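Single-letter residue listing:
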Amino acid sequence: MLKKELLDILACPKCKGELEYQVDPNDDRFGKLICQACALAYRVEEDIPVMLIEEAEPLGETSHSG
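Everything quoted here is computed from the prediction, not taken from an experiment.

## Quick word on unusual backbone geometry
Part 1 of the argument: Even without being glycine, Ala39 reaches a positive phi, approximately 55°.
Part 2 of the argument: Here Ala39 is to be found in the loop between strand E2 (31-35) and strand E3 (40-45).
Part 3 of the argument: In the Ramachandran plot, Asp47 falls in the positive-phi region, its phi being about 70° despite a non-glycine side chain.
Part 4 of the argument: Mapped onto the elements of the fold, Asp47 is located in the loop between E3 and strand E4 (48-49).

This is the structure we're talking about:
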């Protein structure tokens, strides 16, 4: 699970807006950071956020493949 201190400073790399953290219910080391403004989800793998715009998934198409 990501630390609150990290969540407080992370922002969407595309619009610099707020992100909402959603934890995978099966494994709290995985999840996604959601930007509602851009309708993008950035995945979190083993507590590491992948904050690359080209790696983001459009909302509604997100999945956990690990």
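Now, onward.
## Let's talk about the pattern of salt bridges
Part 1 of the argument: Per the counting criterion, the structure on display carries four salt bridges.
Part 2 of the argument: Where Asp8 meets Lys4, a salt bridge forms, and the shortest distance between an N and an O atom there is 3.0 Å. With Asp8 and Lys4 both in helix H1 (residues 4-9) and four residues apart, this pair spans about one turn of that helix.
Part 3 of the argument: Its relative accessible area of 57% is what places Lys4 among the exposed residues.
Part 4 of the argument: A salt bridge links Arg43 to Glu45; its shortest N-O distance comes to 2.5 Å.
Part 5 of the argument: Residue Arg43 is classed as partly exposed on the basis of its relative accessible area, which comes to 27%.
Part 6 of the argument: Classification of Glu45 as partly exposed rests on a relative accessible area of 35%.
Part 7 of the argument: One salt-bridge network, in which partners are shared between bridges, spans Arg43, Glu45 and Glu55.

How each quantity is defined
- Residues numbered from 1 in each chain as written.
- Predicted model: local features only at pLDDT ≥ 70, side-chain atom pairs only at ≥ 80, totals over all residues.
- Heavy atoms only, no water.
- Helix = DSSP H or I, 4+ residues; strand = E, 2+ residues; numbered from the N terminus.
- Salt bridge = Lys/Arg side-chain N within 4 Å of Asp/Glu carboxyl O.
- Buried < 20%, exposed > 50% of the residue type's maximum accessible area, 1.4 Å probe, protein only.

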